[in-house]
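Now for the letters of each chain:
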Amino acid sequence: MRSISRIGILCAAPLLWALLMGASAAQIFERGVVRITQEGREAVLPVEIANTPEARAQGLMGRERLGANAGMLFVYEDDARRFFWMKNTLIPLSLAFIDKRGEVLEIIHLQPHRPGTRIPSYRSRNKVRRVLEVNQGWFLRNGFGLGARVFLE
């Protein structure tokens, strides 16, 4: 009986994670936690990790919600200027562009795309290695800005 309950828990864990993150069971990414620090403040966020071309292309498209204290971390192998758009993205987002040392160099705010209008694209001003997407305004509400440090744990 004990092994059945462990198997049940192991099978249910990915679905529970997906529900907490606001994702459907079919859109499960690798999972992790990021720690954000700045001037004595610290926050820990569960994140979905988009570290393959397919996962990065999918991103948060089609999602109706993102957990209040959750995010998606886009991870790249190299430093480059990154392009993002809001195609099929229903959630207002804030994006932090992060360099290879973990420093936030830029934060931008994106609105959902309205059907029938041109889909705007956004490009980082600097070469970055990672991008953290959270609900719009999360950084401001939690006291984080340029210079904050973001670490994947």
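Parameters and conventions
- Residues numbered from 1 in each chain as written.
- Predicted model: local features only at pLDDT ≥ 70, side-chain atom pairs only at ≥ 80, totals over all residues.
- Heavy atoms only, no water.
- Core = buried A, V, L, I, M, F, W, Y, C linked by side-chain atoms within 4.5 Å.
- Buried < 20%, exposed > 50% of the residue type's maximum accessible area, 1.4 Å probe, protein only.
- Helix = DSSP H or I, 4+ residues; strand = E, 2+ residues; numbered from the N terminus.
- Contact = heavy atoms within 4.5 Å.
- 1 Å grid on protein atoms, 1.4 Å probe; cavity = no way out; pocket = protein on both sides within 12 Å on 5 of 7 lines; lining within 4 Å.
- Points joined across faces, edges and corners; volume = space filled by probe spheres on them.
- Pairing = 2+ DSSP bridges.
- pLDDT = per-residue confidence, 0-100.
- Axes fitted to C-alpha atoms, helices over the stretch in contact; angles between N-to-C directions.
- Phe/Tyr/Trp six-rings, centres within 6.5 Å; stacked < 30°, edge-to-face > 60°.
- Lys NZ or Arg CZ within 6 Å of the ring centre and 35° of its normal.

As a further point, take the nonpolar core. Counting residues in hydrophobic clusters, the biggest one holds 19 residues, and the most contacted among them are F74, F84, L93, L95, F97 and V131. Only β3 (71-80), β5 (93-98), β6 (104-110) and β8 (128-135) provide two or more residues apiece to this core. Apart from residues lying up to four places away in sequence, F97 is in contact with R82, F84, E103, V104, L105, E106, I108, S124, V128, R130 and V131. One finds L45, I49, V75 and V134 within the second-largest nonpolar core, a separate group that totals 18 residues.

Before going further, it helps to examine the layout of surface pockets. Estimated volume of the largest pocket: approximately 250 Å³. Residue lining of the largest pocket: 18 residues in total, with R56, A57, F74, F84 and W85 positioned closest to the centre. Broken down by secondary-structure element, the contributors of at least two residues to the lining of the largest pocket are α2 (53-58), β3, β4 (83-85) and β5.

To continue, consider the pairing of β5. Burial analysis of β5 places six of its six residues in the buried class, which makes it a mostly covered element. Of the pairings in the sheet, the one linking β5 to β6 comprises six bridges and is antiparallel in character. Considered in β6, the bridge of A96 is made with I107. From the end of β5 to the start of β6, which pair antiparallel, there are five residues, and G102 there has a positive phi angle of about 95 degrees.

Moving on to the confidence of the model for the protein chain. Chain-level statistics for the protein chain give a pLDDT mean of 86 and a share of 82% at 70 or above. Confidence over residues 1-19 falls short of pLDDT 50; this stretch has 13 contacts with residues more than four positions distant or in other chains. Here residues 21-26 scores under 50 on pLDDT; set against residues more than four positions off or in separate chains, the count is 17 contacts.

Spatially, the seven strands line up as an open sheet ordered β6-β5-β8-β3-β2-β1-β9, and their pairing is mixed. Across the chains shown, the open sheet's two edge strands, defined by having one partner strand only, are β6 and β9 (149-152). For this sheet, the mean angle separating the axes of adjacent strands, direction not counted, is 30 degrees.

Another aspect to go through is the packing of aromatic side chains. In total, this model carries four aromatic pairs according to the counting rule given. Between F74 and F84, the aromatic rings sit 5.0 Å apart at their centres with planes inclined by 90 degrees, giving edge-to-face as the arrangement. Here F74 is found in strand β3, whereas its partner F84 is found in strand β4, with ten residues between them in sequence. With respect to burial, F74 and F84 carry one shared label: buried. Here W138 and F144 contribute two aromatic rings whose centre-to-centre distance is 5.8 Å and whose plane-to-plane angle is 5 degrees, an arrangement assigned as stacked. Under the relative-accessibility criterion, W138 is labelled buried at 2%. Taken together through their ring pairs, the aromatic side chains of F74, F84 and F97 make up a single cluster. Seen from the ring of F144, R41 lies directly overhead, with NZ or CZ sitting 5.8 Å from the centre. Across from the ring centre of Y76, 3.7 Å away, lies the NZ or CZ of R82, which sits over that ring.

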